[in-house]
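Architecture at a glance
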Amino acid sequence: MSKASYQVVEFGVTKYGQKAKKFILNGAGGVVLEVSDYGGKVVRLFTPDRDGNLKDVVVGFDDPSGWDNGDPYWGCIIGRYGNRIANGRFSLNGVDYQLPALNNAPGGIGCNLHGGARGWDAYVWDAEPFLDGESVGVVFKRTSEDGEEGFPGKVEVVVKYTLTSDNVWRVEYAAVPDKDTPINMTQHVYFNFKGEAGGTIEDHVMTICASNFTPTNAGQIPTGEVVSVEGTPFDFRNSMRIGERINEPNEQLEIGKGYDHNWVLDKGVMAGGDGGLIKAGALYCPLNGRAVEVWTTEPCLQVYTANWASYDQTAKGGEHLSFRCGVALETQHAPDSPNKPQWPTTIVKSGEHYSSMTEFRFGTL
Ligand code: BGC
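Reading guide: rules and limits
- Residues numbered from 1 in each chain as written.
- Predicted model: local features only at pLDDT ≥ 70, side-chain atom pairs only at ≥ 80, totals over all residues.
- Heavy atoms only, no water.
- Phe/Tyr/Trp six-rings, centres within 6.5 Å; stacked < 30°, edge-to-face > 60°.
- Helix = DSSP H or I, 4+ residues; strand = E, 2+ residues; numbered from the N terminus.
- Buried < 20%, exposed > 50% of the residue type's maximum accessible area, 1.4 Å probe, protein only.
- Lys NZ or Arg CZ within 6 Å of the ring centre and 35° of its normal.
- Pairing = 2+ DSSP bridges.
- Axes fitted to C-alpha atoms, helices over the stretch in contact; angles between N-to-C directions.
- Near = heavy atom within 4 Å.
- Polar contact = N/O pair within 3.5 Å; in protein donor to acceptor, adjacent residues only side chain to side chain.
- Areas by Shrake-Rupley, 256 points an atom, 1.4 Å probe, with all protein chains shown as cover.
- Nonpolar A, V, L, I, M, F, W, Y, C, P; charged D, E, K, R; others polar.
- pLDDT = per-residue confidence, 0-100.

This brings us to the packing of aromatic side chains. What describes a pair of aromatic rings is the distance from one ring centre to the other and the angle between the planes of the rings. Going through the model one piece at a time under the given rule, you end up with 21 aromatic pairs. Taken together, a centroid distance of 6.4 Å and an interplanar angle of 80 degrees make the contact between F61 and W74 edge-to-face. Taken together, the positions of F61 in the loop between strand 5 (54-56) and helix 1 (64-68) and W74 in the loop between helix 1 and strand 6 (77-78) put the pair 13 residues apart, joining distant regions of the chain. Here F234 and W263 contribute two aromatic rings whose centre-to-centre distance is 5.6 Å and whose plane-to-plane angle is 45 degrees, an arrangement assigned as tilted. Placement of the pair is F234 in the loop between strand 20 (227-228) and strand 21 (240-241) and W263 in strand 22 (residues 260-264), with a sequence separation of 29 residues. Of the two residues, F234 and W263, both sit in the buried class. Taken together, the ring pairs connect F140, Y161, W169, F191, F193, F360 and F362 into an aromatic cluster. Geometry around Y123 places R142 over its ring, the cationic atom sitting 3.8 Å from the centre. The residue whose ring lies beneath K257 is W308, and the NZ or CZ to ring-centre distance is 4.4 Å.

Read from one edge of the open sheet, five strands run 1-2-3-4-5, paired in antiparallel fashion. At either margin of the open sheet sits one strand with a lone partner, and together these are strand 1 (5-13) and strand 5. Going from strand to strand, the sheet's axes swing by 15 degrees on average, the running direction of each strand aside.

Moving on, we come to the site of the ligand. Around the ligand lies a shell formed by D71, Y73, N83, R84, H114, H188, Y190, Q220, D260, Q302, Y304 and E330. In the model, an oxygen atom of the ligand is placed 3.1 Å from a nitrogen or oxygen of the Q302 side chain. Contact with the protein chains removes 95% of the 310 Å² of surface that the ligand exposes when unbound. When the residues that make up the shell around the ligand are grouped by side-chain class, the tally is three nonpolar, five polar and four charged.

Mean pLDDT over the chain stands at 95; residues scoring 70 or higher make up 97%. For the chain, the element scoring lowest by mean pLDDT is strand 23 (residues 273-274), at 66; strand 13 (residues 155-163) scores highest, at 99.

Here the focus is the sheet that holds strand 22. Taking strand neighbours across the sheet as the criterion, the six strands line up as 17-27-26-22-19-20 in an open arrangement whose pairing is antiparallel. In this open sheet, the two strands that pair with only one neighbour each are strand 17 (190-191) and strand 20. Bridge analysis of strand 22 against strand 26 (residues 300-304) gives five bridges, and the strand direction is antiparallel. For N262, the partnering residue across the bridge sits in strand 26 and is Q302.

So, in structure tokens, the structure goes:
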């Protein structure tokens, strides 16, 4: 009998009136992952420290209301388009599309963020848990209708979470549109290896396998430049404490209130390949040894250090969110790619198969 197992429990009702469930995935290697069919949200993730003690190391909430009454993206599947599209506008096949442009919009038109007013994170998906040898997981499916949030084309989407016996959480994305449309999916989990209410992640040590990043304008839209990290606070090629340079006077850090940027991964240069995956980065907490490596098929990584987290929001167990209480390592194509023809395309043609894979490999150092 497999050492892996799962349980299914009720998770409450979303503000859209959908009943949500939670899947508790007990990995054969010791990691426990609790995820909901409500946008694939990671509710809890227990990983061992260097002495084998399990602790919940993600930022999240006890039930759907936490996501519904504040920033909704903690630990979710993000789609149809992860991160920002300038002014919520793009042109495709001679047609101009206007999406909701609600983000960074004080007094004016903002941008489209993470799929719009109600992104893929805010739906209850069809979900089937599975056991496969020593692995355990959930397959999530949904249909995004033609015109949903202003995007062209109906999209059939499947996201598969697998927790392996060697403590890898694999996320596989597949989607097929029936019209040409932009697709850029990611997972928005926030780690804090000191645990919930562990305070700031500035003491975590991070590696980003990237020699370049894409600076933004004041509205957090990439300017289109691809700039070397050499000599800047964005150089994480050698691991560095997140807090080491985050508060330096630097225009880009001021715009993001910290790290909230897209790095262009060094494909196979410094990281080497591994079954089509490249190493995007790593995170490590020196206090307890908990560590993760992130491997992906995607070309870029958005690192966001929860610079807008608000103390007004109550998180799990009645604790409050706080400034820089987690770090999200979001594998993706670059933000605003539909308006940056010089960058790798995010347009998936009608009938074409979009696929993407990311692995979070947990361990200790
Ligand atoms: C973005 C941040 C945004 C956050 C919302 C990140 O992916 O880069 O700017 O505030 O998501 O949760």
